[in-house]
Amino acid sequence: MRKFAERMTAGYQAVHQRDYQEALENLEPLVPLFHQEDNPNVKLLCYVAIAQIGTKKTERFLETCEELAKYPPSTEKEEALKQRVDEMFDELMRLLNEDDRER
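Residues numbered from 1 in each chain as written. Predicted model: local features only at pLDDT ≥ 70, side-chain atom pairs only at ≥ 80, totals over all residues. Heavy atoms only, no water.

Here's the deal with unusual backbone geometry
Part 1: Located in the positive-phi region is arginine 18, a residue other than glycine, with phi close to 60°.
Part 2: Along the chain, arginine 18 falls in the loop between helix 1 (2–16) and helix 2 (20–27).
Part 3: The exposure class assigned to arginine 18 is exposed, which follows from its relative accessible area of 65%.
Part 4: A positive phi angle is found at lysine 56, which is not glycine, with a value near 65°.
Part 5: Relative to the assigned elements, lysine 56 resides in the loop between helix 4 (42–54) and helix 5 (58–68).
Part 6: Classification of lysine 56 as exposed rests on a relative accessible area of 69%. (Helix = DSSP H or I, 4+ residues; strand = E, 2+ residues; numbered from the N terminus. Buried < 20%, exposed > 50% of the residue type's maximum accessible area, 1.4 Å probe, protein only.)

Right under this line is the structure:
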């Protein structure tokens with residue numbers, strides 16, 4: 001269990017350091033273990049989403065956003081993280097709409 005905690009901490013730190021590839025490698029495998037529908041982990045999903053968009057994994061980012069939308073934040077920190085992901089989602093949608101208009 002300690003190894004999982006260390007891996008999660010390393011992933012969170014990598015996001016803060018903007019090393020999104022390392023964050024994704026550390027965090028994404030932990031989602032099935034630490035996030036279930038009956039026991040959601042909003043913080044983990046937010047960090048994974050940030051790492052996904054940071055590595056331009058757009059489709060996976062959208063899937064994570066869809067999953068994240070199902071769960072309300074339970075702390076102020078989760079609320080702030082979820083707001084950040086929502087802003088990233090909105091920006092992605094804006095950019096995609098601009099690309100469509102230019103074609």
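Quick look at the nonpolar core
Part 1: Val15, Leu27, Leu44 and Val85 are the most contacted members of the largest nonpolar core, which has 26 residues in total.
Part 2: Looking at this core, the elements that each hand over two or more residues are helix 1, helix 2, helix 4, helix 5 and helix 6 (76–102).
Part 3: For this core, the element with the most residues is helix 4, which contributes 9 residues.
Part 4: Look past the residues within four positions of leucine 44 in its chain and what remains in contact with it is Met8, Tyr12, Leu27, Leu30, Val31 and Phe34. (Core = buried A, V, L, I, M, F, W, Y, C linked by side-chain atoms within 4.5 Å. Contact = heavy atoms within 4.5 Å.)

So, the packing of helix 2 against helix 4
Part 1: Where helix 2 meets helix 4, the axes come as close as 8 Å, and the angle between the chain directions of the two elements is 140°. In this view, helix 2 runs oblique relative to helix 4, as classed from their interaxial angle. Here the hand of the crossing between helix 2 and helix 4 comes out left-handed. Of the residues in helix 4, those in contact with Tyr20, Ala23, Leu24 and Leu27 of helix 2 are Leu44, Tyr47, Val48, Ile50, Ala51, Gln52 and Gly54.
Part 2: When grouped by side-chain class, the residues that make up the contact of helix 2 with helix 4 number 9 nonpolar, 2 polar and no charged. (Axes fitted to C-alpha atoms, helices over the stretch in contact; angles between N-to-C directions. Parallel < 35°, antiparallel > 145°, perpendicular 65-115°, else oblique. Left-handed = near helix turned anticlockwise from the far one by under 90°. Nonpolar A, V, L, I, M, F, W, Y, C, P; charged D, E, K, R; others polar.)

Brief notes about helix 4
Think of an α-helix as turning once every 3.6 residues; residues three or four places apart then point the same way.
Part 1: Here helix 4 is 13 residues long and its end C-alpha atoms lie 18 Å apart, about the 18 Å a rise of 1.5 Å per residue gives.
Part 2: With 10 of its 13 residues buried, helix 4 lies for the most part within the structure.
Part 3: For helix 4, the full list of buried residues reads Val42, Leu44, Leu45, Cys46, Tyr47, Val48, Ala49, Ile50, Ala51 and Gln52. (Expected span 1.5 Å × (residues − 1).)

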